[in-house]
Structures are given as C-alpha cells and as structure tokens.
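Descriptive analysis of the structure
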Amino acid sequence: MHAFANPKRFLSLARWLTPLLLVSGLLLAGAALLYGLLWAPAERLQGDSVRILFLHVPTAWLAMGGWSAIAISSLVELVWRHPLASLAARASAVPGAVFTAICLATGSLWGRPAWGTWWVWDGRLTSMLVLLFLYFGYIALAQAVDREGASSRIPAIFGLVGAINIPIIHYSVIWWNSLHQPPSITAGKSAMSPEFLIPLLVATFGFSLIFGGVVLARMRALLAEIQAEARLRRKALGDSASRGRGVTA
Amino acid sequence: MTSGLKPKHQRLVLVLLALVAIIGAGTLAAWALRNQASYFYVPKEMMANPPSPDRGVRLGGMVKAGSLKTDPDGVTIRFLVDDGEAEVPVKFSGIVPDLFVEGSGVVAEGHLGADGTFVADNLLAKHDENYVPRELQDMTEAQKRMAIEETN
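Residues numbered from 1 in each chain as written. Chains lettered and ligands numbered in written order. Predicted model: local features only at pLDDT ≥ 70, side-chain atom pairs only at ≥ 80, totals over all residues. Heavy atoms only, no water.

1. What about the overall build of chain B?
- If you tally the helices and strands in chain B, you get 3 helices and 6 strands.
- Expressed as a percentage of its 152 residues, the buried residues of chain B come to 33%.
- Sequence-distant contacts in chain B: of pairs separated by 6 or more residues, those separated by 24 or more amount to 47%.
- In the structure as shown, chain B presents an accessible area of about 9100 Å², 57% of it carried by carbon and sulfur atoms. (Helix = DSSP H or I, 4+ residues; strand = E, 2+ residues; numbered from the N terminus. Buried < 20%, exposed > 50% of the residue type's maximum accessible area, 1.4 Å probe, protein only. Contact = heavy atoms within 4.5 Å. Areas by Shrake-Rupley, 256 points an atom, 1.4 Å probe, with all protein chains shown as cover.)

2. Section: the packing of aromatic side chains
- Under the counting rule described, the total for this entry stands at 12 aromatic pairs over all chains.
- By way of ring pairs, the aromatic residues A:Trp67, A:Tyr135, A:Tyr138 and A:Phe158 are connected into one cluster.
- Across the ring face of B:Tyr39, the terminal group of B:Arg58 is positioned such that the distance to the ring centre comes to 3.9 Å. (Phe/Tyr/Trp six-rings, centres within 6.5 Å; stacked < 30°, edge-to-face > 60°. Lys NZ or Arg CZ within 6 Å of the ring centre and 35° of its normal.)

3. Quick notes on the interface of chain B and chain A
- Taken residue by residue, the interface counts 41 residues in chain B and 42 residues in chain A.
- Overall, the association of chain B and chain A removes approximately 3700 Å² of surface from exposure, summing both partners, and the carbon and sulfur fraction of that is 63%.
- In this assembly, chain B and chain A are joined by 1 salt bridge.
- Residue B:Asp128 is joined to A:Arg44 by a salt bridge in which the shortest nitrogen-to-oxygen separation is 3.6 Å.
- If you look at where chain B meets chain A, you find 16 residue pairs in polar contact (both at pLDDT 80 or more).
- Of all the secondary structure elements, the ones that give two or more residues to the side of chain B that touches chain A are helix 1 (7-32), strand 6 (118-126) and helix 3 (141-151) of chain B.
- Looking at the side of chain B that touches chain A element by element, the count peaks at 9 residues for helix 1 of chain B.
- Here the side of chain B that touches chain A is built from residues that sort into 23 nonpolar, 8 polar and 10 charged. (Buried area = accessible area lost by both parts, 1.4 Å probe. Salt bridge = Lys/Arg side-chain N within 4 Å of Asp/Glu carboxyl O. Polar contact = N/O pair within 3.5 Å; in protein donor to acceptor, adjacent residues only side chain to side chain. Nonpolar A, V, L, I, M, F, W, Y, C, P; charged D, E, K, R; others polar.)

4. Describing the pattern of salt bridges
- Counted under the stated rule, the structure contains 8 salt bridges over all chains.
- A:Glu43 is the partner of A:Arg44 in a salt bridge, and the nearest nitrogen-oxygen pair spans 3.6 Å.
- Each of A:Glu43, A:Arg44 and B:Asp128 takes part in salt bridges that share partners, so that together they form one network.

5. Quick word on the domain arrangement of chain B
- If you check the domain split of chain B, you get domain 1 (1-37) and domain 2 (43-126).
- For domain 1 of chain B versus domain 2 of chain B, the separation of C-alpha centres amounts to 44 Å. (Domains from an automatic or database assignment.)

6. Structural notes on the nonpolar core
All names here are of chain A.
- Among the nonpolar cores identified, the biggest contains 27 residues, and Trp 67, Ile 70, Met 128, Leu 131, Tyr 135 and Tyr 138 are the most heavily contacted of them.
- Elements supplying a minimum of two residues to this core: helix 2 (53-80), helix 3 (85-115), helix 4 (123-148), helix 5 (153-162) and helix 6 (165-175).
- Here this core takes 9 residues from helix 4, the largest share from any one element.
- Apart from residues no more than four positions distant in its own chain, Leu 131 is found in contact with Ala 63, Met 64, Trp 67, Thr 100, Asn 165, Ile 166 and Ile 169. (Core = buried A, V, L, I, M, F, W, Y, C linked by side-chain atoms within 4.5 Å.)

7. Some remarks on the packing of helix 4 of chain A against helix 6 of chain A
Residue and element names in this part refer to chain A.
- Interhelical geometry of helix 4 versus helix 6 gives an angle of 160° and a closest axis separation of 8 Å. In terms of their interaxial angle, helix 4 and helix 6 are classed as roughly antiparallel. Between helix 4 and helix 6 the crossing geometry is left-handed. Counted together, Gly 123, Arg 124, Ser 127, Met 128, Val 130, Leu 131 and Leu 134 of helix 4 and Asn 165, Ile 166, Ile 168, Ile 169, His 170, Ser 172 and Val 173 of helix 6 form the full contact between these two elements. (Axes fitted to C-alpha atoms, helices over the stretch in contact; angles between N-to-C directions. Parallel < 35°, antiparallel > 145°, perpendicular 65-115°, else oblique. Left-handed = near helix turned anticlockwise from the far one by under 90°.)

8. What to know about helix 2 of chain A
All names here are of chain A.
- Taking 1.5 Å as the rise per residue, helix 2 with 28 residues should run 40 Å; its terminal C-alpha atoms sit 39 Å apart, in good agreement.
- Taking burial as the measure, the 28 residues of helix 2 include 20 buried ones, the bulk of the element.
- Residue Arg 81 follows helix 2 closely and has a positive phi angle near 55°. (Expected span 1.5 Å × (residues − 1).)

Written out as structure tokens, the structure reads:
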C-alpha cells in the first residue's frame with residue numbers, strides 16, 4: 001500500500017488511468033442506459049417506468065460505495081497515516097453526494113408511477129436522505145478543516161462514524177416493513193430476468209468506472225493545490241530571506 | 001513507548017474498539033426501533049393489537065386474489081389484505097395506483113373501523129423484487145425458463 005505513498009508515483013499512474021476510466025465508464029454506462037431506454041422490454045406490472053432502474057440502482061449502490069470509500073480511506077488515514085488516504089476520502093465525498101442526489105431524484109420520479117406517491121418516510125428512503133445529509137456534513141467539515149488549517153483526522157473520524165448508516169440503509173427493507181421493495185439481487189441469486197439484470201450490471205460497472213475516474217481527477221486536483229501552496233510559501237520565504245540579506249548588506 | 005505496542009497498532013486497536021462501540025450502539029438503536037421504524041402494520045399485528053378507530057395507521061400486505069369487489073356506486077372498492085396468517089377487509093373510495101392489482105402488495109393509509117373493516121383514505125402500491133418482462137408474464141414457469149435460457 002505504501003508503494004503509492006509517494007505522490008509522484010501516484011500521479012504518474014493517475015495521469016493515464018483517469019481518462020481511461022472516465023472514457024470507458026461513459027461508453028459503458030451510456031450504452032447500458034441507451035439499451036435500457038430503447039430496447040429493454042417493458043416490465044410485467046410496471047411497464048415502461050422500469051427503465052429508470054438502470055440509472056436508479058447503480059447510483060444507489062455508488063452512493064453507498066462512496067461512503068464506504070470515505071470510511072475505508074478514513075481508517076487507513078487514522079491508523080496508518082497514509083498520505084494519500086485523506087485526499088482519497090475528500091475526493092470521494094462530492095461524487096458520492098451527487099450519486100445520492102441522483103438516486104433520490106430518480107427514486108422519487110419512479111415512486112410516483114410505481115407506488116402512487118413521490119415520497120414516503122419509510123426506512124429506506126429516510127436512511128438514504130440521511131446519507132445525503134451526512135455527505136453535506138462531511139464536505140462542509142472537510143472544507144472548514146482546510147480553511148482553519150485543523151487536522152484532517154477530524155473529518156476522518158466523522159467518515160468512520162457515519163459508516164454506521166450504510167448497513168442501516170441495506171437492511172432497512174429487511175428489518176422493517178417498508179414501501180420500498182426488498183433487494184432483487186442477493187448473494188448468488190437474482191429475482192430479475194436477464195433482460196434487466198445484464199444491462200443493470202453493465203450500467204453499474206460503467207458508473208463505477210466514472211466514479212473512480214472522478215475520484216482520481218479530484219485527488220490530482222487536491223495534490224496540485226497542495227503543491228502550488230507549498231511552492232508559494234517557499235517563494236514567499238525565499239523572497240523575504242533575500243530581502244533580509246539585502247537590508248543587512 | 002510504555003505499552004510495548006507500536007503506535008500504528010495502538011491506533012488500530014483504538015479505532016477497532018471505537019468501531020465495535022459504534023456498531024453496537026447502532027445495532028441497539030435499530031433493535032429498539034424494530035417496531036417503530038416499520039412503515040406499516042401487517043394484518044397479523046393489526047388483529048393481535050387493534051388500533052383505536054381515531055388513530056391513523058397504515059396497513060400493508062398482499063391484495064388477496066379474488067377478493068377485490070366494486071360496490072354498486074362504482075367508486076368504492078373492497079378487498080382483503082392478507083399476510084399469509086391473517087386478513088383484514090379494506091374499504092376505499094378513490095383512484096387506485098396503476099400497480100394496484102390482486103395478488104400484489106398494497107399499503108393502505110387510514111383507520112381501523114369499529115366493525116373491523118379498515119377504512120382507507122389513500123392506497124399505495126408496493127411492488128415486489130421480481131422483474132419479469134411483459135412478454136413472459138403469460139407463459140408457464142417451464143416456458144419462462146426455456147425463453148430465459150434461449151436468451152442467455
């Protein structure tokens with residue numbers, strides 16, 4: 001793991017991996033969404049409204065995956081003090097929040113025709129909304145830490161504590177009666193016909209690649225910011241030092 | 001180093017202890033919420049513990065196949081909500097969601113009348129986890145399997 005502790009080595013890897021992930025992810029997710037919109041069959045009960053599945057479910061998984069990435073990076077930062085871990089956690093927050101928002105919006109649009117309501121306060125919907133607020137809290141905290149120059153371990157602790165919501169989201173439809181359906185895909189089996197399952201998995205893979213690409217791009221941007229600041233500081237120090245010499249000479 | 005542990009391992013132990021405490025607290029909270037966080041009562045719970053008629057509650061379950069009847073006024077429907085162990089008769093006047101069909105899930109919002117009939121003000125359809133294309137719905141199970149195998 002510490003092989004990539006050197007930002008230079010990370011940057012040389014991320015430089016070609018970022019566009020590769022973004023382009024292949026956009027192609028795969030775009031193809032799966034197009035298939036879902038135009039060629040996937042209508043569902044037995046839901047008809048054409050099922051097509052939103054191919055956007056709703058990948059974004060829901062990645063919303064949870066994004067916080068899992070924050071939690072794992074936070075653990076690595078707190079325990080091993082890996083220099084890139086706090087950057088990885090911070091870089092996952094905004095795409096995670098965006099995917100959560102897309103998941104909530106598409107779920108609401110889907111709920112109107114499928115359930116007869118835009119929103120209900122059942123366990124799944126409520127815990128997903130809590131996840132969005134946790135993302136907002138994490139982003140605000142990370143920015144405040146940046147501004148005040150406080151330790152990046154503060155958002156890391158928040159990221160770890162917030163991870164308790166992830167199993168709650170997953171089990172909300174199993175523990176409690178809810179309007180949201182129970183999971184269609186569980187370990188090793190699927191209650192979904194292959195006409196729906198295969199494009200769903202392709203879309204999920206594509207969106208995951210996009211997520212990875214965005215995280216790498218944001219990590220590069222954060223690293224560049226840190227380097228620029230360090231360079232400015234060095235320059236300011238150098239200037240004042242040379243001025244100081246000028247006065248004494 | 002007084003404890004003899006490397007700082008790295010000390011931090012790992014501390015973080016793991018904190019995680020165990022958080023997960024324990026979360027599990028306890030979820031356990032305490034196991035009744036309150038449910039979105040609706042199932043017929044068995046409603047029969048065992050009938051809510052008072054002035055209390056708004058939700059009732060959820062399957063619309064029993066063959067139980068759906070329309071009153072002579074044309075807008076009031078009656079059906080049985082079933083959870084495999086008990087059933088509750090439901091009365092509703094109004095527009096039902098598209099996915100409201102016999103044999104499918106429903107959540108009714110309303111109150112339990114004194115006569116044991118649930119009077120619903122609103123119906124929500126609950127679909128299950130099965131996703132099957134429309135073309136396959138009229139086939140028998142064996143035909144479905146064959147059709148699915150062909151597409152694989």
